[in-house]
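# Report on the structure
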Amino acid sequence: MSKNTKDLTLSALFMALGLVLPLLTGQIKELGNAFLPMHLPVFLCGLIVGPINGLIIGLVLPILRHFIFGMPPLYPTAIAMSFELATYGFVSGFLYKNSKWQCIISLYRALIIAMICGRIVWGIVTFVLLGINGNAFTFDAFIKGSLISAIPGIIFQLIFIPILMLALDKTGLVRFHKRTDKVKV
């Protein structure tokens, strides 16, 4: 299987997971808000397939999910989430792929920086979108929406993603390794 075919197939898998995983928590809104099920496949796509695929999947997923399932609401939620998830996919993939060592430490570094960047982007986009209609988006609302309500999901992601990547390394499907000059993003 060529690298392009493999990357396209994996990206489609992560898109499908992003569409389906929220159905597991969809009946309990607070559970979905807490565990952030659309974020996992986007992070994994960025880390495994690369930053460009992670960006594309992150950008498209919330909008596609809105048109297929009616959730999340398009304005402002799905639009802001598209920018947030695109940031997660790109930043995590870019930092991880460009690390000297692709190991658990570089994985955590990429995840944490991507989470911070994505939440800042979400806040900026939400501020702009709500400002267009003359609605306020306060700093308190930003902290509550980007951090406080997301703490369980952040913890889950910081535990689950490295465990999954370690398992994929053990099976040989995705290897931790030292980057060589031939590795390209």
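Above this text you will find the structure in question.
In this report, the structure presented in the accompanying data block is examined. (Residues numbered from 1 in each chain as written. Predicted model: local features only at pLDDT ≥ 70, side-chain atom pairs only at ≥ 80, totals over all residues. Heavy atoms only, no water.)

## Quick look at the overall build of the protein chain
- Helices and strands together make up the secondary structure of the protein chain, namely 8 helices and 2 strands.
- For the protein chain, the N- to C-terminal ordering of α and β elements is α-α-α-α-α-β-α-α-α-β.
- A principal-axis box enclosing the C-alpha atoms of the protein chain has dimensions of 50 × 30 × 25 Å.
- For the protein chain, the residues scored as buried account for 43% of the 185 residues in total.
- Taking as baseline every contact in the protein chain between residues at least 6 positions apart, the subset at least 24 positions apart corresponds to 71%.
- Charge centroids of the protein chain, computed over 15 positive and 6 negative side chains, lie 9 Å from each other. (Helix = DSSP H or I, 4+ residues; strand = E, 2+ residues; numbered from the N terminus. Buried < 20%, exposed > 50% of the residue type's maximum accessible area, 1.4 Å probe, protein only. Contact = heavy atoms within 4.5 Å. Lys, Arg positive; Asp, Glu negative; His and termini not counted. Charge placed at Lys NZ, Arg CZ, Asp CG, Glu CD.)

## Here's the deal with the nonpolar core
- Counting residues in hydrophobic clusters, the biggest one holds 32 residues, and the most contacted among them are Phe43, Leu47, Ile48, Leu107, Leu111, Ile161 and Met165.
- Elements that contribute at least two residues to this core include exactly helix 1 (3–25), helix 3 (39–48), helix 4 (51–69), helix 5 (74–97), helix 6 (104–132) and helix 8 (151–171).
- Per-element tally for this core: the top contributor is helix 3, with 7 residues.
- In contact with leucine 111, other than residues within four places in its own chain, are Phe43, Leu47, Gln157, Leu158, Ile161 and Pro162.
- Grouped together as the second largest cluster of nonpolar side chains are 7 residues, Ala80, Leu129, Leu130 and Phe137 included. (Core = buried A, V, L, I, M, F, W, Y, C linked by side-chain atoms within 4.5 Å.)

## Re the packing of aromatic side chains
- Counted by the stated rule, this structure contains 4 aromatic pairs.
- Centroid distance phenylalanine 43 to tyrosine 88: 4.7 Å. Interplanar angle 25°. Geometry classified as stacked. You can see phenylalanine 43 sitting in helix 3 and its partner tyrosine 88 sitting in helix 5, a full 45 residues away along the chain. Here the two residues phenylalanine 43 and tyrosine 88 agree in accessibility, since each one is buried.
- Residues phenylalanine 156 and phenylalanine 160 carry aromatic rings whose centres are separated by 5.4 Å and whose planes lie at 10° to one another, so their mutual orientation is stacked. Taken together, the residues phenylalanine 156 and phenylalanine 160, both in helix 8 and 4 residues apart, mark about one turn of the helix.
- Exposure remark for phenylalanine 156: the relative accessible area of 30% places this residue in the partly exposed category. (Phe/Tyr/Trp six-rings, centres within 6.5 Å; stacked < 30°, edge-to-face > 60°.)

Distances and angles like these do not, on their own, reveal function.
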